[in-house]
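Structural features, examined
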Amino acid sequence: MSSLIGRSASRAARSLLSASKNSRFYSEGRAVAAAAAGTFSGKVPFLASNFGRAGSSNVSQGWLSGALALPAAVYMLQEQEAHAAEMERTFIAIKPDGVQRGLISEIISRFERKGYKLVAVKIVIPSKDFAQKHYHDLSERPFFNGLCEFLSSGPVLAMVWEGEGVIKYGRKLIGATDPQKSEPGTIRGDLAVVVGRNIIHGSDGPETAQDEIKLWFKPEELVNYTSNAEKWVYGVN
């Protein structure tokens, strides 16, 4: 009986998670699970003792384990799935103008101060053919040729950054494509003036990030490690 209720609780928890995957759910999930656990732990012994006096100890034990299984399952699945869903990697490149202007340390420091982790980095001078592969989605645009010529005109610092929400928020750190439309405080808003020299590139979505990382880096060039700062960034102890 208890195993059946436990399995039902686990299924219910998974259904709850899959139906509620949004930022509010993830941010409050731990508190909800903890509150639920406290509620059950306060009420179950009383109910179990009543069942016991009625001669149904097996049923009460099953109800107790099942009741405790639901908040435990919610808590564990919320922790695992939320972390897996939010931890991601993005491709960031400092273009030739950013490298030539000596902005490497300035740009890297902004990602580091945010709390993101550098997992791959190298400096290369891409060929024009390589640049065309990188900008393949813009091949029909009139500025495509000039864009590729510029990317291959000098050294590029290619990087992969890891962290929760790094793809979306990395774009916010970078700012709008047109520096004139970028907010002060963003990389382009503070350090660039015109579109043709906007110093940095960042993946615009999960699929693009995957493709660009694969294009610029071999699998063995990506490093997996735990940063000592992570417990202070994410609260992981």
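Higher on the page you've got the structure.
Before going into details, it helps to say that this report is about the structure given with it. No experiment lies behind these values; they were computed from the predicted model shown.

Before going further, it helps to spend a moment on the overall build of the protein chain. Regarding its fold elements, the protein chain presents 11 helices and 4 strands. Within the span of the protein chain, comprising 237 residues, buried residues form 36% of the whole. Counting only contacts in the protein chain whose residues sit at least 6 apart along the sequence, the fraction spanning at least 24 positions is 79%. Approximately 13,800 Å² of the protein chain is accessible, and the part contributed by carbon and sulfur atoms is 55%.

An order of β2-β3-β1-β4 is seen for the 4 strands of this open sheet, with the pairing classed as antiparallel. Looking along the sheet, the strands with just one partner apiece sit at the ends: β2 (117-124) and β4 (200-202). The mean angle between the axes of side-by-side strands here comes to 20°, regardless of whether they run parallel or antiparallel. As defined by bridge partners, β2 adjoins strand β3 (residues 156-164) across 7 bridges and the pair is classed as antiparallel. Across the sheet, V121 pairs through a bridge with M159, a residue of β3. The strands that helix α5 (residues 104-114) touches are β1 (87-94), β3 and β4; relative to β3, the one it contacts most, it runs at about 10°. Here helix α8 (residues 166-174) sits on the sheet in contact with β1, β3 and β4, set at roughly 30° to β1.

This part is about α5. Residues lying three or four places apart along an α-helix face the same way, a consequence of the helix completing one turn every 3.6 residues. Within the span of α5, buried status applies to I107, I108, S109, R110 and F111. Lining the buried residues of α5 we find β1, β3, α8, α9 (187-191) and β4. G115 sits one or two residues past α5 and shows a positive phi near 115°.

With that settled, consider the nonpolar core. Of all hydrophobic cores here, the largest spans 20 residues; its most connected members are I107, F111, W161 and I200. Per-element tally for this core: the top contributor is α8, with 4 residues. With 16 residues, the next largest nonpolar core counts A120, A131, I213 and F217 among its residues.

So, on to unusual backbone geometry. The bulk of non-glycine residues show a negative phi, and the bulk of peptide bonds are trans. You will see that I199, though not glycine, has its phi angle at about 65°, which is positive. Tracing the sequence through the fold places I199 in the loop between α9 and β4. Note on I199: relative accessible area 0%, which makes it buried.

With that out of the way, let us pick up the pattern of salt bridges. Scanning the entire structure with this criterion turns up 7 salt bridges. Between K122 and E221 there is a salt bridge, with its nearest N and O atoms 3.2 Å apart. One end of the pair, K122, is in strand β2; the other, E221, is in the loop between α10 (206-216) and α11 (230-234), and 99 residues separate them in sequence. On the basis of relative accessibility, which here comes to 30%, the residue E221 falls in the partly exposed class.

Packing of α5 against α8 brings their axes to within 11 Å, and their N-to-C directions diverge by 135°. With respect to their mutual orientation, α5 and α8 come out oblique. Helix-helix and strand crossings are classified by hand; for α5 and α8 the assignment is right-handed. Together, R110, F111 and K114 of α5 and Y169, G170, L173 and I174 of α8 make up the contact between the two elements. Partitioning the contact of α5 with α8 into residue classes produces 4 nonpolar, 1 polar and 2 charged.

Once that is clear, we can look at the side chain of R110. Examined against the element boundaries, R110 turns out to sit in helix α5. At 3.4 Å, the side chain of R110 forms a polar contact with the backbone oxygen of T186. Beyond its immediate sequence surroundings of up to four residues, R110 is in contact with L173, G185, T186, I187, D190 and L191.

Cut-off values and rules
Residues numbered from 1 in each chain as written. Predicted model: local features only at pLDDT ≥ 70, side-chain atom pairs only at ≥ 80, totals over all residues. Heavy atoms only, no water. Helix = DSSP H or I, 4+ residues; strand = E, 2+ residues; numbered from the N terminus. Buried < 20%, exposed > 50% of the residue type's maximum accessible area, 1.4 Å probe, protein only. Contact = heavy atoms within 4.5 Å. Areas by Shrake-Rupley, 256 points an atom, 1.4 Å probe, with all protein chains shown as cover. Pairing = 2+ DSSP bridges. Axes fitted to C-alpha atoms, helices over the stretch in contact; angles between N-to-C directions. Core = buried A, V, L, I, M, F, W, Y, C linked by side-chain atoms within 4.5 Å. Salt bridge = Lys/Arg side-chain N within 4 Å of Asp/Glu carboxyl O. Parallel < 35°, antiparallel > 145°, perpendicular 65-115°, else oblique. Left-handed = near helix turned anticlockwise from the far one by under 90°. Nonpolar A, V, L, I, M, F, W, Y, C, P; charged D, E, K, R; others polar. Polar contact = N/O pair within 3.5 Å; in protein donor to acceptor, adjacent residues only side chain to side chain.

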